[in-house]
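The primary structure of each chain is shown beneath.
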Amino acid sequence: METTDEELPESGAPRGRIIPVNIEEQMKSAYIDYSMSVIVGRALPDARDGLKPVHRRILYGMYEMGNTYNKPHKKSARIVGDVMGKYHPHGDSSIYGTLVRMAQDWSMRYVLVDGHGNFGSQDGDMPAAMRYTEVRLERIAETMLQDIEKDTIDWQLNYDDSDKEPSVLPTRIPQLLLNGASGIAVGMATNILPHNLTEVVDACIAYVDNHEITIDELIKIVKAPDFPTGGIIYGYEGVKQAMHTGRGRLVLRGKVNVETTNSGREKIIITEVPYQVNRDALTEKIGYLINEKVIDGVTDVNNESNNKEGTRIVVDLKKDAISQVVINHLYKHTELQTSFGINNVALVKGRPHVLNIKELVSEFVNFRHEVVIRRTKFELKKAEERAHILEGFLIALDHLDEVIRLIRAAATPDTAKDGLMSEFKMSEIQAKAVLELRLQRLTGMERDKIREEHAQVMQTIANLKEILGDEGKRFQIIKEELTEIKEKYGDERKSEITYMADEMSIEDLIEEEDVVVTISHLGYIKRTSATEFRQQRRGGRGARGSKTREEDYIEQLFIASTHHTLLFFTEKGRCFWLKVYEITEGDKQSKGRAIQNLIQIPSDDTVRTIITIKNLQDTEYINNHYIVLCTRKGIIKKTKVTDFSRPRQNGINAITINEGDQLLDACLTDGNQQIMMAVKSGRAIRFPEEKVRPTGRGAIGVFGISVDHENDEVVGMICVNISDPESSVLVVSAKGFGKRTAIEEYRITNRGGKGVKTINVTEKTGDLIGLLNVKETQDLMITCKSGVTIRTSIASIREAGRATQGVKLIKLDDGDEIAAITKIDDHESEEEIEPVESLENENISSETDSSKEDAEPENQIQNDESENSDNADDVSDNQ
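Read on for an overview of the structure. This one's a predicted model, so the numbers in the text were calculated from it and none came from an experiment.

## Here we look at helix H16 (residues 444-469)
Move 1: For H16, which comprises 26 residues, the first-to-last C-alpha distance of 38 Å matches the rise-based estimate of 38 Å (1.5 Å per residue) to within 8%.
Move 2: Those residues of H16 not exposed but buried are Glu-446, Ile-450, His-454, Val-457, Ile-461, Leu-464 and Ile-467.
Move 3: Elements that come into contact with the buried residues of H16 comprise helix H12 (357-398) and helix H17 (471-489).

Here it is in C-alpha cells:
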C-alpha cells in the first residue's frame with residue numbers, strides 16, 4: 001500500500017518528508033537485514049578462526065587489557081564491562097556466560113580462559129557472579145592473538161565507530177575443529193563438534209604436503225570428534241558421513257566399569273558421561289526409572305563425583321542381576337547414551353557454508369598462508385625502514401667530523417637537517433635520526449654495533465623477500481608453527497570409538513597382531529601381547545602369568561589375531577560372538593574383565609571353549625567348514641559354520657544338552673579330519689570325522705566315546721589331519737607329566753567305543769587333564785591353578801609310547817595342579833633362561849600294561865543310523 005501527501009490528514013505535521021514505500025518489500029528487506037545480522041554478527045563462527053563475534057571480542061579485550069597467562073587474574077566483571085562498553089553492547093549476561101564457558105574444562109576441549117573461583121560444575125551448579133570470579137587468558141588462547149599487531153588481519157569499526165576491533169583473529173590453532181561451535185541463526189543452525197588437537201594438526205600438515213589429499217585419507221588422521229568429557233562414540237557411519245558431507249549423526253555413550261564387592265555383588269561405575277550431560281540429572285533419571293520398575297536389578301544409585309577424582313556414579317546391583325543387561329537398559333532409557341546432529345555450518349567470506357572435513361582444514365590452512373604473507377610483508381617493511389635509518393647512520397659515521405662540524409655550525413635543528421640532506425644526500429628520515437643519535441653511539445664499539453646491526457637487517461630483508469617469492473617456504477613455515485603447537489598442547493584422545501558389527505572399517509584402524517587370550521575359572525577375560533611371554537626350557541619354574549583372586553585360577557588360554565571373531569561356547573550349549581579387539585587389554589599380571597560385561601552370558605552359565613574364525617562373511621569358507629562339539633559324557637555333534645555366521649547379542653543354541661551333562665569342547669574342521677577324544681582315566685579314541693553326520697544347531701548329537709563310570713568324563717577332543725607327518729598327540733596329566741605320541745599308535749575304530757590307553761595314570765601323575773595335536777615348531781603354554789604360567793618348546797618334550805607316564809613338564813608346588821594347556825604357533829626365538837637341574841629320575845616310566853580293553857558298541861542318539869562297533873581287543877605297547 002502506498003501513501004501520498006494528498007491522503008495525509010491535516011494535523012499540522014510537516015509535509016513532503018514522508019517517503020512512500022511498498023510494505024511487502026519493506027518487510028522483506030528488514031527481515032533479510034535482521035537475519036544476516038544474526039547470522040554474521042552473532043550465531044555462526046568464522047571458518048578461519050572458529051570464533052563468533054562475542055568470543056573474539058572477549059579474547060581481544062583481555063589481550064588488549066594485558067590480561068595474559070603470565071599476569072595476575074583480573075575480576076570477570078572488569079572484563080565484561082570493558083568488552084560490553086567497547087565492542088559488544090548486547091548485555092553483560094551474554095558476555096559473562098560466554099566467558100564462563102570458555103573456562104569450563106567439561107565444555108571446551110581446549111580451555112581458552114584460565115578461571116579462578118566458582119565457574120559451575122558438570123552437575124549443573126551455577127557459576128558465581130562475575131564480581132566474585134577472576135580470569136586471565138590461557139597460554140593456548142594467546143596463540144590465537146599472536147602477530148595481531150603485525151597487520152595480519154583486517155580491522156573494523158566498533159558499534160559506535162569510536163574504536164577499532166579485529167574482524168578475525170590471526171590464530172595459529174585450528175580453533176573451529178578443536179573446540180567446535182553451536183548456534184541457532186535465522187533459518188539455519190550450526191553444530192560443529194570438538195576434535196583432538198594432535199589429529200587436527202596432523203591433518204593440516206597432511207593437507208599442506210598434498211593439497212589433493214582425499215577425505216578418506218584425512219579420516220584416517222582425524223578419526224572422529226573428541227569430547228572433553230570422554231565417552232564412547234558408538235558407531236562410525238554417521239561420523240564418516242559428516243566428514244564427507246558436513247552433516248551426520250553421532251551416538252555417544254558414557255563409559256562404564258563393573259566392580260565386584262567383597263560380598264560378591266556387582267556395581268556399575270559410570271566414570272564418563274556423554275558431552276553436555278548433567279551428572280545430577282542423569283542420577284535422578286536412573287533413580288526415577290528404578291522406582292518405576294523400568295530398570296530391574298538395581299538397588300541404589302548415587303553420584304559420588306567430585307572435581308578432584310572426576311566422574312563416579314555408582315549403580316548398585318542386586319545379587320542375581322546381570323550387569324550387561326542393566327547397562328543396556330541404562331543406554332536405552334537414559335542420557336548415558338545420547339546423539340548429536342553434526343552440522344558444520346560456518347562463515348566463508350561472510351557467507352554461511354556447509355563444510356566437510358577437507359574444507360574445514362583447507363580454510364584454516366589458506367588463512368594461515370594469508371597471515372604468513374601479511375606478517376612477512378609487515379616485517380619486511382619494518383626491516384627496510386630500519387635499514388634506511390642505519391644507512392643514514394653509516395653515512396654519518398663515514399663522515400663523522402664533517403657531520404659534527406655541520407651540526408655545531410647550524411643555528412637551528414631544521415638548518416642542521418637541511419644541511420645533512422643537501423651535503424650528504426640523506427633523506428629527511430635519515431637526517432632526523434642522525435640528529436637524534438646519542439653521543440655515546442659515536443664510540444668505537446657502538447659504531448661497530450651499528451655496522452653489525454645493518455648487516456643483520458640486510459640479511460633479514462633478503463630472507464623475508466625469499467619467503468615472499470617462494471610459496472614452498474611459506475608452507476614450510478606453516479608446518480613448523482603447527483608442529484610447535486602440537487608439541488606444546490597436543491594430547492591423547494579422550495573419546496573412544498566403538499564400531500558396530502556391520503562396520504568392517506574398524507579392522508583398517510586396529511593393528512593386527514597375535515595376542516594371548518586368557519580366561520580365569522571365575523570368568524575374567526583379557527588379551528595380552530604374545531611377546532610378553534618369554535620361552536623357557538622344559539622343567540622350568542614358569543612365570544607369574546596372571547594375578548587372580550585366591551579362589552580363582554587361569555582355566556583357558558589361547559592365541560588369536562586382533563582381527564578375528566571369537567565364538568564362545570558355554571557349558572549349557574549356547575554360542576556367543578566377540579571380536580578379539582573388543583577384549584580388554586592387560587599385562588600378564590592384570591586380572592582382566594568379567595566375560596559377562598562383554599557378552600550377555602547368564603549368571604548360571606560358564607564359557608567352556610572358544611573357537612577363532614578369521615572372517616564370518618566368507619561364504620565359501622563357512623559353507624565348507626564345520627564345528628564339532630563334544631560333551632563331558634562323550635556326546636559328539638557336527639554343525640556347519642554357516643549356522644553360526646549371524647551374530648546375535650543374546651547368543652544362540654549350539655547344541656541341546658542332556659540333563660547332568662555339559663558341553664566340554666569344540667573344534668573347527670574342514671570335514672576331512674579324524675577326531676580323537678580322551679577321558680580322564682587315561683583312555684582315548686580315534687575315528688574318522690565322516691562317522692559324525694552334520695546336524696542342525698538344535699540336535700543332541702551321537703556318542704563319540706564310552707564313559708564307563710560316574711567319576712570318569714571326557715577331558716579333551718582334537719581334530720587330526722593325518723596328512724601332516726609332523727603332527728603328534730600331546731597328553732598332559734594334572735600333576736605336570738606329559739608326552740608326545742605318534743598319531744599312528746592310536747588305531748582307528750568306530751565312534752562310541754572305549755578307545756585305547758593314552759597315558760599310564762597313577763597317583764604320581766594324576767588324572768589326564770587334556771590332549772593336543774602339536775608340532776615340534778610350536779610352543780606349549782601351561783597354566784596352573786595358582787596362576788603360574790610356563791611356555792616351553794614342544795620339541796623339548798620327547799615322544800613316548802601310549803602306555804607311559806611321560807616326562808615332567810613343570811615343577812608344581814604342593815597342592816597345585818595344571819589347569820589348562822594350549823599350543824602356540826610360530827614361537828618366537830626369545831632369550832632362553834638356564835635350564836633347571838635335570839629330572840633324569842622322573843623323565844620316563846616303562847611300566848607295561850597287558851590288560852585288554854574292549855571297544856564297546858556305539859550308542860545311538862536322536863535318529864542316527866546304526867553302525868557296527870569295532871570289537872577287536874587292544875593290547876597296550878610294552879616299552
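Now that the structure is up, let's keep going.
## Some words on the packing of aromatic side chains
Move 1: For the coordinates displayed, the defined rule picks out seven aromatic pairs.
Move 2: Taking 5.5 Å as the distance between ring centres and 70° as the angle between the ring planes, the aromatic pair formed by Tyr-60 and Trp-155 counts as edge-to-face. A residue pair is termed long-range when its members are at least 10 positions apart, and Tyr-60 in helix H2 (residues 53-64) and Trp-155 in strand S4 (residues 155-157) qualify at 95 residues.
Move 3: Given a relative accessible area of 10%, Tyr-60 falls into the buried group.
Move 4: Clustering of aromatic rings is evident, with ring pairs tying together Tyr-60, Tyr-87 and Trp-155.
Move 5: The positively charged end of Arg-253 is found above the aromatic ring belonging to Tyr-234, 3.7 Å away from the centroid.
Move 6: The ring centre of Tyr-331 lies 4.0 Å from the NZ or CZ of Arg-253, which sits over that ring.

## Focus on the sheet that holds strand S28 (residues 652-653)
Move 1: Ordered by their spatial adjacency, four strands build an open sheet running S25-S22-S23-S28, and the pairing between neighbours is antiparallel. The open sheet is flanked by strand S25 (607-613) and S28, the only strands paired with a single partner.
Move 2: As paired strands, strand S22 (residues 565-570) and strand S23 (residues 574-579) are joined by five bridges and run antiparallel to one another. For Leu-567, the partnering residue across the bridge sits in S23 and is Trp-577.

## Thoughts on the packing of H12 against helix H15 (residues 428-435)
Move 1: As a packed pair, H12 and H15 sit with axes 9 Å apart at the nearest point and diverge in direction by 60°. In terms of their interaxial angle, H12 and H15 are classed as oblique. Remark: the crossing between H12 and H15 carries right-handed chirality. For the pair formed by H12 and H15, the contact residues are His-388, Ile-389, Glu-391, Gly-392, Phe-393 and Ala-396 on the first element and Ile-429, Gln-430, Ala-433 and Val-434 on the second.

## Brief notes about the nonpolar core
Move 1: With 87 residues, the main nonpolar core has Leu-59 and Leu-250 as its most contacted residues.
Move 2: The element contributing the most residues to this core is helix H7 (residues 197-209), with nine residues.
Move 3: With sequence-adjacent residues up to four places away left out, Leu-59 is seen in contact with Leu-51, Met-102, Leu-112, Leu-137, Ala-141, Met-144, Leu-145 and Leu-169.

Basis of the calculations
Residues numbered from 1 in each chain as written. Predicted model: local features only at pLDDT ≥ 70, side-chain atom pairs only at ≥ 80, totals over all residues. Heavy atoms only, no water. Helix = DSSP H or I, 4+ residues; strand = E, 2+ residues; numbered from the N terminus. Expected span 1.5 Å × (residues − 1). Buried < 20%, exposed > 50% of the residue type's maximum accessible area, 1.4 Å probe, protein only. Contact = heavy atoms within 4.5 Å. Phe/Tyr/Trp six-rings, centres within 6.5 Å; stacked < 30°, edge-to-face > 60°. Lys NZ or Arg CZ within 6 Å of the ring centre and 35° of its normal. Pairing = 2+ DSSP bridges. Axes fitted to C-alpha atoms, helices over the stretch in contact; angles between N-to-C directions. Parallel < 35°, antiparallel > 145°, perpendicular 65-115°, else oblique. Left-handed = near helix turned anticlockwise from the far one by under 90°. Core = buried A, V, L, I, M, F, W, Y, C linked by side-chain atoms within 4.5 Å.

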